[in-house]
Amino acid sequence: MVLENENQQDIEADAAARAFEAALLRLDRLTATRLLTAPAGDGNGLQRIERLVLPALERIGQHWEQGGLALSQVYMSGRICEELVEQLLPAATSERGEGPLIALAVLEDHHLLGKRMVHAVMRAAGYAVRDYGRLDAAGLVARVVAEADVDLLMISTLMLASALRVAKVRELLAAAGRRLPIVVGGAPFRLDETLWQEVGATAMGRSASAAPAIIARLTGGAP
Ligand code: B12
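This section reports on the structure supplied with the text. One numbering rule holds for all chains: residues counted from 1, following each sequence as written. At least 70 in pLDDT is required for a residue's local features to be given in this predicted model, at least 80 for side-chain atom pairs to be given and counted, and no such filter applies to totals for whole chains, interfaces and linings, which use all residues. Side-chain numbers come from the whole structure's heavy atoms, not from hydrogens or water.

Description of the site of the ligand
So, step 1. Residue proximity to a molecule or strand is established when one non-hydrogen atom of the residue lies within 4 Å of it. Around the ligand lies a shell of 35 residues, among which Glu 50, Glu 82, His 110, His 111 and Ser 156 are the nearest.
So, step 2. For this analysis, a polar contact is any N or O atom pair within 3.5 Å, provided that within protein one partner can donate a hydrogen and the other can accept it, and provided that sequence-adjacent residues contribute only side-chain to side-chain pairs. For the ligand, an oxygen atom lies 3.0 Å from a polar atom in the backbone of Ala 208.
So, step 3. Spatially, the ligand is embedded in the largest pocket.
So, step 4. Elements represented by at least two residues in the shell around the ligand include exactly helix H3 (45-65), helix H4 (71-88), helix H5 (113-124), strand E3 (152-156), strand E4 (182-185) and helix H9 (187-191).
So, step 5. Considering every element that reaches the shell around the ligand, the biggest residue donor is H3, with seven residues.
So, step 6. Residue polarity is assigned by list, with Asp, Glu, Lys and Arg as charged and Ala, Val, Leu, Ile, Met, Phe, Trp, Tyr, Cys and Pro as nonpolar; anything else, Gly included, falls into the polar class. Here the shell around the ligand is built from residues that sort into 19 nonpolar, nine polar and seven charged.
So, step 7. An automatic or database domain assignment supplies the start and end points of every domain. Both domains that furnish three or more residues to the shell around the ligand are identified here as domain 1 (2-88) and domain 2 (101-219). Any residue with an atom within 4 Å of a point lines the site, the site being either a cavity, points on a 1 Å grid over the protein atoms alone where a 1.4 Å probe fits but cannot get out, or a pocket, an open set with protein on both sides within 12 Å along at least 5 of 7 lines. Those molecules having more than half of their atoms within 2 Å of a cavity or pocket grid point set are described as sitting in that cavity or pocket. Here a helix means four or more residues in a row that DSSP labels H or I, a strand means two or more in a row labelled E, and each is numbered from the N terminus.

Okay, here's the thing in structure tokens:
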């Protein structure tokens, strides 16, 4: 019975993600918004976003790769998702308390949506997060070295070449004598389960909603 319910939920989530994908490709913001702000009882806002936005954009990326879509369609779909995520995710701010100070960056990559989601979730969980935006490996290391109060670094990358640059960040940090945990996330790490270890990260998160628990584990408790 429980299994039947779960199957039914999976089928409904898949149908909703496909409807969301179609709305993105029609540039139909109204329908996309309606699908994201679903009736109560269907998970919280973040779960809903992860269930719709991630698979829809992933399929759009695959269609583009296979030549079925133009890059402009990928771009517009990404922009609409960015706008919606910005509107829908809690904009809670957290003053620095006793908890760890976290720096968050996109490394050598223009895919910013995942970082935005991670930022919103971490702030909502009560963590103090410094958003470094998009940086290259040397720029990121220079900033972490200059800001001695940063306890942990979170890096988001969506391109394989950028994911591999995490190894450079680790190497430059070690050369500068700065040791801190690095938590990575993004498509390349979800596709290759051991990549985070290969690039010398401390941990990997498959989703934004998984991030607070990973940070709590690494820093010895919630903020
Ligand atoms: C939208 C998109 C774009 C948009 C980006 C808009 C924007 N402002 O973000 C635009 C059009 C600009 C774009 C450009 C390009 N793209 Co693009 N893009 C995508 C697409 C379709 C979706 C990405 C996305 O936003 N997903 C939704 C977000 C929410 O998911 P996410 O980032 O994975 O984040 C989630 C988790 O991973 C996790 N997470 C993310 N980061 C972190 C970090 C931590 C610490 C933790 C714990 C968790 C975590 O939390 C998030 C929520 O749960 C992907 C397809 C895919 N499979 O991902 C291709 C994709 C990433 N793009 C790709 C490519 C090739 C490009 C271009 C090179 C295309 C070109 N020829 O110009 C350029 C490169 C730009 C650059 N230099 O960075 C390839 C990369 C292939 C590879 N192996 O490297 C992909 C995989 C498409 C494909 N199938 O080929 N792209």
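Quick notes on unusual backbone geometry
So, step 1. For Leu 27, which is not glycine, the phi dihedral falls at a positive 60°.
So, step 2. Even without being a glycine, Glu 108 presents a positive backbone phi close to 45°.
So, step 3. Mapping Glu 108 onto the fold places it in the loop between strand E1 (101-107) and H5.

A closer look at the layout of surface pockets
So, step 1. Grid points are joined across faces, edges and corners, and a volume is the space filled by probe spheres set on the points. By volume, the largest pocket amounts to about 1,400 Å³.
So, step 2. Elements that contribute at least two residues to the lining of the largest pocket include exactly H3, H4, H5, E3, E4, H9 and helix H11 (211-219).
So, step 3. In terms of residues, the lining of the largest pocket owes the most to one element, H3, which gives nine residues.
So, step 4. Grouping the amino acids of the lining of the largest pocket by side-chain chemistry returns 25 nonpolar, eleven polar and seven charged.

Re the pairing of E1
So, step 1. Using a 1.4 Å probe on the protein chains alone, a residue whose accessible area is under 20% of its type maximum counts as buried, one over 50% counts as exposed, and one in between counts as partly exposed. Counting buried positions along E1 yields seven of seven residues, so the element is predominantly enclosed.
So, step 2. Note that E1 and strand E2 (residues 128-135) share seven bridges and pair parallel. For Ala 103, the partnering residue across the bridge sits in E2 and is Arg 130.
So, step 3. Between the parallel pair E1 and E2, the chain is carried across by H5, and the sense of this crossover is right-handed.
So, step 4. As paired strands, E1 and E3 are joined by five bridges and run parallel to one another. Along E3, the bridge assignment pairs Val 106 with Ser 156. Two strands qualify as a pair provided that DSSP identifies no fewer than 2 bridges between them. Here a crossover is taken to be right-handed if, once the strands point away from the viewer, the path from the first strand over the helix to the second is traced clockwise.

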